[in-house]
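# Fold and contact review
Chain by chain, the residues run as shown.
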Amino acid sequence: LLVILAVIGLMCLLIFQPYIRHFDSLDGKTTQVVLAGNSAYLDWQVSHFSKKVTLSDGTTETEITKTGNRYLNPTTSTTYTLKSENFLSNLLNIEHTRTVQVLVIPRRPGIIEFMTDRDDILYGENVTLSWAVENNATSAAITTNKAANQLAPENYTGNLTQGLTTDTLMSLKA
């Protein structure tokens, strides 16, 4: 009789655990790479015997449903942890966790504007060059005839008036 009770107890422990059936991102992977500003997708399903299911981003923990999915917009790479608990968690310290890592790749800075105030310039006339670079740029430079001039962040938007006395090639790199 003791053996039967032990087997039944063990079966209850195995059956009633708060298992996580799956927790993943797109294509069933546990790592997802997204470009900054794009959404990451998480999908999960836990045992029907789970009493409390939480999703954490390392900063905040939110109680969620046993089955679901969610689009998230992380600004930095984040590891999400799904935790499933029930009465066994408190009684026998049994809880189940799984993680999904979302790697966020910063967007390449764009050039918003790079233009002159006119198309045709005569020898000695002034031309005004205008530019604007997106705020997420880590560096920017204007090159005039192969001579690069680094721009300070406060000058990522601006203009320059210059008299031209030779054929001149100007470029902007961010």
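Residues numbered from 1 in each chain as written. Predicted model: local features only at pLDDT ≥ 70, side-chain atom pairs only at ≥ 80, totals over all residues. Heavy atoms only, no water.

## Comments concerning the overall build of the protein chain
Of the regular secondary structure elements, the protein chain holds two helices and 14 strands. Taken over C-alpha atoms, the radius of gyration comes to 29 Å for the protein chain, far larger than the 16 Å a tight globule of 174 residues would show. Counting only C-alpha atoms and orienting by the principal axes, one finds that the protein chain spans roughly 105 × 25 × 25 Å. Within the span of the protein chain, comprising 174 residues, buried residues form 33% of the whole. Once local pairs closer than 6 in sequence are excluded, the contacts in the protein chain between residues at least 24 apart make up 60%. Across the protein chain, the mean location of the 13 positive side-chain charges is 13 Å away from that of the 16 negative side-chain charges. (Helix = DSSP H or I, 4+ residues; strand = E, 2+ residues; numbered from the N terminus. Rg over C-alpha atoms; globule rule 2.2 N^0.38 Å. Buried < 20%, exposed > 50% of the residue type's maximum accessible area, 1.4 Å probe, protein only. Contact = heavy atoms within 4.5 Å. Lys, Arg positive; Asp, Glu negative; His and termini not counted. Charge placed at Lys NZ, Arg CZ, Asp CG, Glu CD.)

## Observations concerning the sheet that holds strand 12 (residues 147-150)
Read across the sheet, three strands follow the order 12-11-14 without closing on themselves; strand pairing throughout is antiparallel. The sheet terminates laterally at strand 12 and strand 14 (170-173), the two strands that pair on one side only. Direction aside, the axes of adjacent strands within the sheet are offset by 20 degrees on average. The pairing of strand 11 (residues 141-144) with strand 14 spans four bridges and is classified as antiparallel. When the sheet's bridge partners are listed, isoleucine 142 is paired in strand 14 with leucine 172. (Pairing = 2+ DSSP bridges. Axes fitted to C-alpha atoms, helices over the stretch in contact; angles between N-to-C directions.)

## A look at the layout of surface pockets
Looking at the largest pocket, its volume works out to about 230 Å³. The wall of the largest pocket is formed by 16 residues, among which Ile121, Val127, Leu164, Thr166 and Thr168 lie closest to the centre. When residues of the lining of the largest pocket are assigned to their parent elements, the largest contribution, three residues, is made by strand 9 (residues 111-116). Residues of the lining of the largest pocket, tallied by class, amount to 10 nonpolar, five polar and one charged. (1 Å grid on protein atoms, 1.4 Å probe; cavity = no way out; pocket = protein on both sides within 12 Å on 5 of 7 lines; lining within 4 Å. Points joined across faces, edges and corners; volume = space filled by probe spheres on them. Nonpolar A, V, L, I, M, F, W, Y, C, P; charged D, E, K, R; others polar.)

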